[in-house]
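# Architecture at a glance
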Amino acid sequence: MRDYKIAPSILSADFSRLGEDVQNVIEAGADFIHFDVMDNHYVPNLTFGPLVCSALRSFGIDNIIDVHLMIKPVDRIIPEFAKAGANYITFHPEATDHIDRTISHILEQKCKPGIVFNPATPLTYLEHCIDKVDMILLMSVNPGFPGQKFIESTYVKIKKVREIIDKSGREIRLEVDGGINLDNIEKVARAGADTFVAGSAIFNSEDYTATISKMRSILSKI
Ligand code: DX5
Ligand code: ZN
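This text gives an overview of the structure that appears in the document. (Residues numbered from 1 in each chain as written. Chains lettered and ligands numbered in written order. Predicted model: local features only at pLDDT ≥ 70, side-chain atom pairs only at ≥ 80, totals over all residues. Heavy atoms only, no water.)

With that settled, consider the overall build of the protein. Within the protein, the secondary structure is distributed over eight helices and eight strands. Here the C-alpha atoms of the protein give a radius of gyration of 16 Å, agreeing with the 17 Å that 2.2 N^0.38 yields for 222 residues. Principal-axis analysis of the C-alpha atoms places the extent of the protein at approximately 45 × 35 × 30 Å. Within the span of the protein, comprising 222 residues, buried residues form 55% of the whole. Once local pairs closer than 6 in sequence are excluded, the contacts in the protein between residues at least 24 apart make up 64%. Entry remark: accessible area of the protein is about 10,000 Å², with carbon and sulfur atoms responsible for 50%. (Helix = DSSP H or I, 4+ residues; strand = E, 2+ residues; numbered from the N terminus. Rg over C-alpha atoms; globule rule 2.2 N^0.38 Å. Buried < 20%, exposed > 50% of the residue type's maximum accessible area, 1.4 Å probe, protein only. Contact = heavy atoms within 4.5 Å. Areas by Shrake-Rupley, 256 points an atom, 1.4 Å probe, with all protein chains shown as cover.)

This is the structure:
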């Protein structure tokens, strides 16, 4: 069995009591905390920045924080997220003029870099950075909002990236983000993903523990 990780997206958490809600999802069995940063420029929505990440650390959250930057430009904010306690920092290639430079900035800050592919973004960007990234994140919705429907063509893309990762011989997480729920997590995993972002499927459920346990039980049978 792969080393599967469940990464609830706090985009669907209760912002009026964020620390507590994140703590609850961790107690319910979450692995990574997926932190969606939006700027109302690269994507048509606005969320939170390094201050909120740092507040979660001060609150006592010590799980891996997987920062998904949906912002343009990317580079300036990287040191601030590193200081705020980010572990993974992923970015969209369309949002930076210099992909290799952005990866270097993330590495200089001792964080793990990852590259994100929108549904129609070609994987060719991977060719010259596969040796440096620790995560490849495939969007299974167009970025910007929680609660959207999983785009079916993502399965083929997951399979392709799994082949590329295996061929590289490197340890790279294959994360999928958008519309993941109890009905499709098995298919996403079978296609080759190992890290599952789920926002609304977890935070909008009655019982976080029950939902995450069901996800784990599905994954354990693969
Ligand atoms: C979308 C975000 C996702 C989103 C996932 O732009 O990157 O992380 O919050 O939410 P669900 O799981 O509800 O699709
Ligand atoms: Zn995300």
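What follows is about the pairing of strand β8 (residues 195-198). Going residue by residue along β8, you find Thr195 and Val197 tucked away on one face and Phe196 and Ala198 tucked away on the opposite face as well. The pairing of strand β1 (residues 5-8) with β8 spans four bridges and is parallel. Among the inter-strand pairings, Ile6 is bridged to a residue of β8, identified as Phe196. By the bridge criterion, three bridges tie strand β7 (residues 173-177) to β8 in an arrangement that is parallel. When the sheet's bridge partners are listed, Val176 is paired in β8 with Phe196. (Pairing = 2+ DSSP bridges.)

Glancing now at the packing of aromatic side chains. To describe a pair of aromatic rings, you give the distance between the ring centres and the angle between the ring planes. Under the defined criterion, the tally for this structure stands at seven aromatic pairs. On the basis of an interplanar angle of 75 degrees and a centroid distance of 6.1 Å, the ring pair of Phe35 and Phe81 is categorised as edge-to-face. Of the two residues, Phe35 is situated in strand β2 (residues 33-38) and Phe81 in helix α3 (residues 78-84); the sequence distance between them amounts to 46 residues. Taking the relative accessible area as the measure of exposure, Phe81 reaches 1% and is therefore buried. Aromatic side chains Phe150 and Tyr155 sit 4.9 Å apart centroid to centroid with 35 degrees between the ring planes, which places their arrangement in the tilted category. (Phe/Tyr/Trp six-rings, centres within 6.5 Å; stacked < 30°, edge-to-face > 60°.)

Within the largest apolar cluster, 71 residues are counted, with the highest numbers of intra-cluster contacts made by Ile10, Phe35, Phe81 and Ile136. Among residues more than four places away in sequence, those in contact with Ile10 are Phe15, Leu18, Val22, Ile33, His34, Phe35, Phe48, Leu56 and Phe203. Core analysis: the next-biggest nonpolar cluster, separate from the first, contains five residues, Phe32, Tyr88, Met135 and Val197 among them. (Core = buried A, V, L, I, M, F, W, Y, C linked by side-chain atoms within 4.5 Å.)

Right, let's talk about the sheet that holds strand β3 (residues 65-70) for a bit. In space, the eight strands of this open sheet follow the order β1-β8-β7-β6-β5-β4-β3-β2, with parallel pairing throughout. Of all strands in the sheet, those bounded by a partner on one side alone are β1 and β2. Neighbour-to-neighbour, the strand axes of the sheet open up by a mean angle of 25 degrees, direction not taken into account. Along the sheet, helix α5 (residues 154-168) makes contact with β5 (112-117), β6 (135-139) and β7, crossing β7 at roughly 165 degrees. (Axes fitted to C-alpha atoms, helices over the stretch in contact; angles between N-to-C directions.)

Tracing the backbone through its elements, the reader meets Thr102 in helix α4 (residues 99-108). Of the polar contacts made by the side chain of Thr102, one reaches the side chain of Thr96; its length is 2.7 Å. (Polar contact = N/O pair within 3.5 Å; in protein donor to acceptor, adjacent residues only side chain to side chain.)

On to the site of ligand 1, then. Lining the immediate environment of ligand 1, one finds 20 residues, of which Asp36, Gly144, Asp177, Gly199 and Ser200 sit closest. For ligand 1, an oxygen atom lies 2.7 Å from a polar atom in the backbone of Gly144. Within the backbone of Gly199, a nitrogen or oxygen atom sits 2.7 Å from an oxygen atom of ligand 1. Relative to its unbound accessible area of 380 Å², ligand 1 is 100% covered by the protein chains. Residue assignment for the shell around ligand 1 shows that the elements contributing at least two residues are β2, β3 and β8. Per-element accounting of the shell around ligand 1 gives the leading share, three residues, to β2. Residue classes in the shell around ligand 1 are distributed as nine nonpolar, nine polar and two charged. (Near = heavy atom within 4 Å. Nonpolar A, V, L, I, M, F, W, Y, C, P; charged D, E, K, R; others polar.)

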